[in-house]
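The chain contents come next:
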Amino acid sequence: MAWIYFSMTQIYLHASREIQRMQSLSQSPVLTCMSEACDGLSVIRAFGSSTIDYIVLRNQDLINRNACMIYLSSSAASWFSLRIQMIGVCILFLIAVIAFYSHSTGALSSGLVGLSLSYGLSVSNSLQGLV
């Protein structure tokens, strides 16, 4: 289980860094376009409505590209969260099988079985917090 967790974490961290880099690269032109439009507002008005339409369309295109990167970042985080929760479910299943087997043989009391299951439920949250 630890090996699976480590490999998922490495995959996610590499992808997350690249996505964050691409998101920053797509955000920079948006900010530049907005700054240029604010600084050259009198010049844009002087050239008429065709220039305004061009600036608006250009800005919308840049914002759409940035929104795609934000969506990609959110999707990667959801992918990682789902994988970590599945690892947590597998760990909880193993804890449950071992605890119920130990309880049926008399090695563990009912209180210890309940305690082990309640601690096992917090495993997935703890695993997500490590990254």
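Preceding this paragraph is the structure being described.
Residues numbered from 1 in each chain as written. Predicted model: local features only at pLDDT ≥ 70, side-chain atom pairs only at ≥ 80, totals over all residues. Heavy atoms only, no water.

Of regular secondary structure, the protein possesses five helices and zero strands. When the helices and strands of the protein are placed in sequence order, the string is α-α-α-α-α. Relative to its length of 131 residues, the protein is extended, with a C-alpha radius of gyration of 26 Å against a globular reference of 14 Å. Projecting the C-alpha coordinates of the protein onto the three principal axes gives extents of approximately 90 × 25 × 20 Å. Counting across all 131 residues of the protein, residues that qualify as buried make up 22%. In the protein, once contacts between residues fewer than 6 apart in sequence are set aside, the share between residues at least 24 apart is 78%. (Helix = DSSP H or I, 4+ residues; strand = E, 2+ residues; numbered from the N terminus. Rg over C-alpha atoms; globule rule 2.2 N^0.38 Å. Buried < 20%, exposed > 50% of the residue type's maximum accessible area, 1.4 Å probe, protein only. Contact = heavy atoms within 4.5 Å.)

Turning our attention to the nonpolar core. Across soluble globular proteins, nonpolar side chains have a tendency to be buried as a group. Formed by Tyr5, Tyr12, Ile19, Ala76, Phe80, Ile84, Ile87, Val123 and Leu127, the largest nonpolar core amounts to nine residues. Among the secondary structure elements, those contributing two or more residues to this core are helix H1 (2-39), helix H3 (49-105) and helix H5 (123-129). Sorting elements by how many residues they give to this core places H3 first, with four residues. Residues in contact with Ile84, not counting those within four places in the same chain, are Tyr5, Ser124, Leu127 and Gln128. (Core = buried A, V, L, I, M, F, W, Y, C linked by side-chain atoms within 4.5 Å.)

Our focus in this paragraph is the packing of aromatic side chains. According to the stated counting rule, one finds one aromatic pair in the structure shown. For the ring pair Tyr12 and Phe80, a centre distance of 4.4 Å and an interplane angle of 15° mean the geometry is stacked. Of this pair, Tyr12 sits in helix H1 while Phe80 sits in helix H3; the two residues are 68 residues apart in sequence, bridging distant segments of the chain. By the burial criterion, Tyr12 is buried, and Phe80 matches it. (Phe/Tyr/Trp six-rings, centres within 6.5 Å; stacked < 30°, edge-to-face > 60°.)

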